[in-house]
Amino acid sequence: MIETRFFSPSEFETLKEYWIELEKGKDMTAFQRYSWYYALNKQYLDNCFGAFDKAVYVVAFSKGNPIMIAPIHIKKYGFEFKGYGSASGAYVIGTWGFTDYLNYIYCNFNPEAFEAINKAIKNKYKIKALHINSVRRRTEIQKYLSNKYSDSFCYETLCVKTEPKDNFDIFFKSMSKSTRQNIRTALNREIKDGKNIYIKVFNTVSKQDAEEFFSIYLERSKSKNTINIQRDGLKNSILKELNKIYNIRLKESLKKSNYLVYNMVHNPDSMLVGIYCNEKKIGFLYGLKSTADLWHDILVCFDENYRFYSPCRTALYRLYKDYVYSSDRNKMTIDMTKGNEKYKYDFCGKEHFVDSYVI
């Protein structure tokens, strides 16, 4: 017999003991850990999402023991058109933002607990659709969904990761000739123009450093989201503008709660690669470590004023050369997560997928 109980964001910390035990399951990543969700939960405590959105944590118990936690975002009203916006319904907390892999929290997947949680959510909030997005393939929950809810499959999302070679020389030579030449050209530009560009690897950083790095992202995000009718066409520009308006609360939430900055400072799974030019911060790579030799790189960003020097490309080169293949640590897999950007393939990236369902 499965019993379900609901917990509000203000009760989140009472779940810590349960959560830390369940997050040890083999299907879990750093995105499912209590430390990551602690920061996500701050958004709801800070009331960043407004009256039409709320969070709830649904826990399934078997014989009094917690066996599954579902972190759920209830969206009472929604808008979705041709991939823009989000429909109403229930979502896994983290669907919007930087949580690239989503899941319920469990040590061993229990189908009965999964169904009991979903039924309880739909009955309590009178919703028809439960959106379970970005579930990694070959996890137990994905296997269950693909078997029982195959008709509810919506789409797959491509991800890219690079697995280490025996040494850096082999890794570098496995890149295409043009990629190797592009890296050499960028490095030569630095020398010619007297730019001392280098990286620093941090597990956690000070609040001031985190805010300074994150400000680069906010500035770049602002310029990337500028509407350009000539470039995008009138129809796509209108849809893009509507989507921007629809998601404005999420953007404000990000600035107000700043959960990514909080993670940079406090999350023990964090790893930030700072990019510097003559001691000035000009970009960064940020992500989470699921294990000592697996890093999920979820955000790559640089100051547009330094584009000529390909700072993120050379940062990855330096990261692989001086960190990943350093003799005093295990060689690390860099999971560049969602997206098929060209630079990921330039660094020998291999594809894998996450799946999304509406049940």
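Draft legend 1. Examining the packing of aromatic side chains more closely. The final tally for this structure, using the stated rule, is 37 aromatic pairs. Measuring from centroid to centroid gives 4.9 Å for F12 and Y34, while their planes differ by 15°, and the two rings are stacked. Of this pair, F12 sits in the loop between β1 (2-7) and α1 (16-22) while Y34 sits in helix α2 (residues 34-45); the two residues are 22 residues apart in sequence, bridging distant segments of the chain. On the accessibility criterion, F12 (1% relative accessible area) is buried. Owing to a relative accessible area of 9%, Y34 belongs among the buried residues under this scheme. Judged by centre distance (5.8 Å) and plane angle (85°), the ring pair of F31 and W36 falls under edge-to-face. Of the residues examined, W36 reaches a relative accessible area of 0% and is grouped as buried. An aromatic cluster is defined as three or more aromatic residues linked by ring pairs; in this entry it consists of F12, W19, Y34, Y37, Y38, Y57 and Y262. Seen from the ring of Y125, K124 lies directly overhead, with NZ or CZ sitting 5.8 Å from the centre. Positioned over the ring face of F213 is K281, at 5.5 Å from the centre of the ring.

Draft legend 2. Layout of the side chain of Q32. Summarising the element assignment, Q32 is placed in the loop between α1 and α2. Separated by 2.8 Å, the side chains of Q32 and T29 make a polar contact. Not counting the four nearest positions on each side in its chain, Q32 is found in contact with W19, E23, D27, Y37, Y101, L102, N103, Y104 and I105.

Definitions and cut-offs
Residues numbered from 1 in each chain as written. Predicted model: local features only at pLDDT ≥ 70, side-chain atom pairs only at ≥ 80, totals over all residues. Heavy atoms only, no water. Phe/Tyr/Trp six-rings, centres within 6.5 Å; stacked < 30°, edge-to-face > 60°. Helix = DSSP H or I, 4+ residues; strand = E, 2+ residues; numbered from the N terminus. Buried < 20%, exposed > 50% of the residue type's maximum accessible area, 1.4 Å probe, protein only. Lys NZ or Arg CZ within 6 Å of the ring centre and 35° of its normal. Polar contact = N/O pair within 3.5 Å; in protein donor to acceptor, adjacent residues only side chain to side chain. Contact = heavy atoms within 4.5 Å.

In short, the description is geometric, and any link to function would need to be established separately.
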